[in-house]
Amino acid sequence: MTLRIAITPGEPAGIGPDLLLKLIQHDWPAQLIAIADAKLLQQRAEQLGLNINLIPFDESAAPAIAPAGSIYIHQVDLGADVELGVLNDANGQYVLDTLRIASEKNMDGTFDAVVTGPVHKGIINQAGISFSGHTEYFAQQSNTADVVMMLATEGLRVALVTTHIPLAYVSRAITAERLTKVAGILNHDLQTKFGIEKPRILVCGLNPHAGEDGHLGREEIDTITPTIEQLNTDGMNLIGPLPADTLFQDKYLSQADAVLAMYHDQGLPVLKYKGFGKSVNITLGLPFIRTSVDHGTALDLAGTGDAEVGSFELAIREAIKLAHEKAQNQ
Ligand SMILES: NC(=O)C1=CN([C@@H]2O[C@H](COP(=O)(O)OP(=O)(O)OC[C@H]3O[C@@H](n4cnc5c(N)ncnc54)[C@H](O)[C@@H]3O)[C@@H](O)[C@H]2O)C=CC1
Ligand SMILES: NCC(=O)COP(=O)(O)O
């Protein structure tokens, strides 16, 4: 079976288009479809000195794999010409259109997965569109109340209870309801997508030293511990809350399948220190498969040829793997 994998290169002034064009220089075991402006990809290919062939995507035709150097394209028009490394809010709607099409065409079964390149959240908001990240956008587009951001590298998976919210809002966002939903989605997807029968999940505390018995914060006592106890009674294997500053050591990690961190910058700096450029971002709990890169738009590197393809390559491979498994299980 030939899978169809949609790819949104993301912010047009960033490195997303560069990475995609580099990656299609070799063969892929799936039909890759860029949802992007052909003019942008042609121009970037010239800037990088790459020869490419863009094949108009016809969704009524049978899925077919493009030869190396080629990629299928679903045309979306840019709002304005692109200057390398320079953000332009006139292209905010373009970026969002690529994500909307990817979402709709995953929901209707045209595509088997979507892989997203990096977007710049700030410029999309500057264009007048409220946007906090792909994770939240795809959840909203697919009417999914709760999804989970998980990044994975060799030897470490980190999932987040809260994602793109200001640090000042984190405490009130950590409710028994949210924790229960996130732990449930993580547990379920580790079982179904990663074949782990009874996932062992290390749960971080929120406060320094996991609250130090309530002397440094009460979220552990009031919310996190009782929720963990309830979920374990219900059959999960959650360990914690553990102090986040000492949890990330082999002694604990070697006994676990994933870490559940309370907020973005509690879990992701550790993961990126271990595997920046070798990690993949996977949205759990969505009705379709979505993977992404572990890095941002790197405006400083656009068009230079110096951007590393590692994470984007892993994201495509992981999407293909997950889509194959999903197809086999249907
Ligand atoms: N999946 C996504 O859409 C993501 C988007 N972002 C967005 O990206 C924008 C820029 O964020 P920053 O914090 O500056 O992070 P960044 O990842 O764009 O850049 C951080 C540093 O890493 C380098 N770098 C990043 N990717 C690289 C690659 N593939 N090869 C070599 N070097 C690389 C950059 O040159 C820079 O020095 C923000 O608007 C942020 O929200 C950030 C992370 C993920
Ligand atoms: N740090 C992860 C990140 O910012 C990417 O988030 P998303 O756009 O995948 O939701």
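- As annotated in an unreviewed UniProt entry, the protein is 4-hydroxythreonine-4-phosphate dehydrogenase from Pseudoalteromonas porphyrae.
- Its UniProt record, at the heading Sequence similarities (unreviewed entry), says of the protein: "Belongs to the PdxA family."
- Its UniProt record gives the protein a comment under Function (unreviewed entry), which states: "Catalyzes the NAD(P)-dependent oxidation of 4-(phosphooxy)-L-threonine (HTP) into 2-amino-3-oxo-4-(phosphooxy)butyric acid which spontaneously decarboxylates to form 3-amino-2-oxopropyl phosphate (AHAP)."

### A closer look at the packing of helix α3 (residues 92-107) against helix α5 (residues 134-141)
Move 1: Here α3 crosses α5 at 50 degrees, and the two axes come no closer than 10 Å. When the interaxial angle is binned, α3 and α5 end up oblique. For the pair α3 and α5, the sense of crossing is right-handed. Seen from α3, the contacting residues are Leu 96, Leu 99, Arg 100 and Ser 103; seen from α5, they are His 134, Tyr 137, Phe 138 and Gln 141.
Move 2: The residue makeup of the contact of α3 with α5, split by class, is four nonpolar, three polar and one charged.

### A closer look at the site of ligand 2
Move 1: For ligand 2, the full set of nearby residues is Lys 121, Gly 133, His 134, Thr 135, Glu 136, Met 149, His 164, His 264, Leu 268, Asn 281 and Arg 290.
Move 2: Within the contact set of ligand 2, a nitrogen atom lies 2.8 Å away from a side-chain nitrogen or oxygen of His 264.
Move 3: Summarising the interface, the protein chains cover 87% of the accessible area of ligand 2, which totals 310 Å² for the free molecule.
Move 4: Looking at the shell around ligand 2, the element that brings in the most residues is α5, giving three residues.

### Considerations on the packing of aromatic side chains
The geometry of two aromatic rings is summed up by the distance between their centres and the angle between their planes.
Move 1: In the structure shown here, the tally under the stated rule is four aromatic pairs.
Move 2: Aromatic ring contacts, followed pair by pair, group Phe 131, Tyr 137, Phe 138 and Phe 288 into a single cluster.
Move 3: Arg 157 extends its terminal NZ or CZ atom over the ring of Phe 194, reaching a point 5.1 Å from the ring centre.

### Here we look at the UniProt feature "binding site: substrate" (unreviewed entry) in the protein
Move 1: UniProt marks His 134, Thr 135, Lys 272, Asn 281 and Arg 290 with the feature "binding site: substrate" (unreviewed entry), using the numbering shown here.
Move 2: With respect to the helices and strands, the residue His 134 is situated in helix α5.
Move 3: On the basis of relative accessible area, His 134 is assigned to the buried category, the value being 9%.
Move 4: Excluding anything up to four places from it in sequence, His 134 contacts Leu 99, Thr 116, Gly 117, Val 119 and Arg 290.
Move 5: Within the secondary structure, Asn 281 sits in strand β11 (residues 280-284).

Rules used throughout
- Residues numbered from 1 in each chain as written.
- Chains lettered and ligands numbered in written order.
- Predicted model: local features only at pLDDT ≥ 70, side-chain atom pairs only at ≥ 80, totals over all residues.
- Heavy atoms only, no water.
- UniProt positions renumbered as here; feature names shortened; annotations may be inferred.
- Axes fitted to C-alpha atoms, helices over the stretch in contact; angles between N-to-C directions.
- Helix = DSSP H or I, 4+ residues; strand = E, 2+ residues; numbered from the N terminus.
- Parallel < 35°, antiparallel > 145°, perpendicular 65-115°, else oblique.
- Left-handed = near helix turned anticlockwise from the far one by under 90°.
- Contact = heavy atoms within 4.5 Å.
- Nonpolar A, V, L, I, M, F, W, Y, C, P; charged D, E, K, R; others polar.
- Near = heavy atom within 4 Å.
- Polar contact = N/O pair within 3.5 Å; in protein donor to acceptor, adjacent residues only side chain to side chain.
- Areas by Shrake-Rupley, 256 points an atom, 1.4 Å probe, with all protein chains shown as cover.
- Phe/Tyr/Trp six-rings, centres within 6.5 Å; stacked < 30°, edge-to-face > 60°.
- Lys NZ or Arg CZ within 6 Å of the ring centre and 35° of its normal.
- Buried < 20%, exposed > 50% of the residue type's maximum accessible area, 1.4 Å probe, protein only.

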